[in-house]
Amino acid sequence: MPGEYRTGLGWDVHRTGAGDSIWLGGVRIPAGYGLVGHSDADVLLHAITDAVLGAAAMGDIGMHFPDTDPKWKSATSDRFLRHAVELARGQGFELVNVDCTAVLERPKLKDHRDAIRNSIAAIAGLAPDRVNVKFKTAENVGAVGEGRSVEAQATVTVRRG
Ligand code: C5P
Ligand code: MG
């Protein structure tokens, strides 16, 4: 399709901690541990939010949702992504697609793939076939591999005109 295309990159990490489940892409996943964060620590939605802001050249998540602001304490991260999509729309950009990777040793996420994909699509206002979700281990190496943190990466393409 004609128009101006831009791509943004996002990355995030959260420490593991007390708890028995983690939020990934707006879906609660039983994990046997939790993730530490000012919000719900949804590392995947945070990476996607940064990718949207990157594609629209609108800075990063901390600029728009400072973790020092009590307003965002315990916020569910779908609010961040919805707001970023609205900010991009305000600049005339519509999302084209989202691709993302969550990096964690456990749990295995294959059975949650469709739920996470559908959730991200609903939050971002996209058809599910414009969203792809990948999972990787860190091969037991480093902080992620040793289960001390979980990382996520994302790219988002937007189109204007
Ligand atoms: O990290 P690795 O290449 O060994 O992952 C192989 C596959 O295992 C991935 O492509 C993904 O489908 C799956 N996986 C998963 N849950 C994880 C990590 C990987 O389902 N936490
Ligand atoms: Mg985060």
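Everything discussed here concerns the structure shown above.
Basis of the calculations
- Residues numbered from 1 in each chain as written.
- Chains lettered and ligands numbered in written order.
- Predicted model: local features only at pLDDT ≥ 70, side-chain atom pairs only at ≥ 80, totals over all residues.
- Heavy atoms only, no water.
- Pairing = 2+ DSSP bridges.
- Helix = DSSP H or I, 4+ residues; strand = E, 2+ residues; numbered from the N terminus.
- Contact = heavy atoms within 4.5 Å.
- Axes fitted to C-alpha atoms, helices over the stretch in contact; angles between N-to-C directions.
- Near = heavy atom within 4 Å.
- Polar contact = N/O pair within 3.5 Å; in protein donor to acceptor, adjacent residues only side chain to side chain.
- Nonpolar A, V, L, I, M, F, W, Y, C, P; charged D, E, K, R; others polar.

(A) Up close: the sheet that holds strand β1 (residues 4-17). Read from one edge of the open sheet, five strands run β4-β1-β7-β5-β6, paired in mixed fashion. The strands lining the two open edges of the sheet, one partner per strand, are β4 (34-35) and β6 (131-136). Sheet analysis places β1 next to strand β7 (residues 149-160), joined by twelve bridges and oriented antiparallel. The partner of Gly10 across the bridge, within β7, is Ala154. Sheet strands in contact with helix α1 (residues 43-55) are β1, β4, β5 (94-103), β6 and β7, and its direction is about 155° off that of β1.

(B) Local environment of the site of ligand 1. Contacts to ligand 1 come from Leu104, Pro107, Lys108, Leu109, Lys110, Arg113, Phe135, Lys136, Thr137 and Glu139. Between ligand 1 and Leu104 there is a distance of 3.0 Å, counted from a nitrogen atom to a backbone nitrogen or oxygen. The contact in question runs from an oxygen atom of ligand 1 to an N or O atom on the side chain of Arg113, over 3.3 Å. Here the shell around ligand 1 is built from residues that sort into four nonpolar, one polar and five charged.

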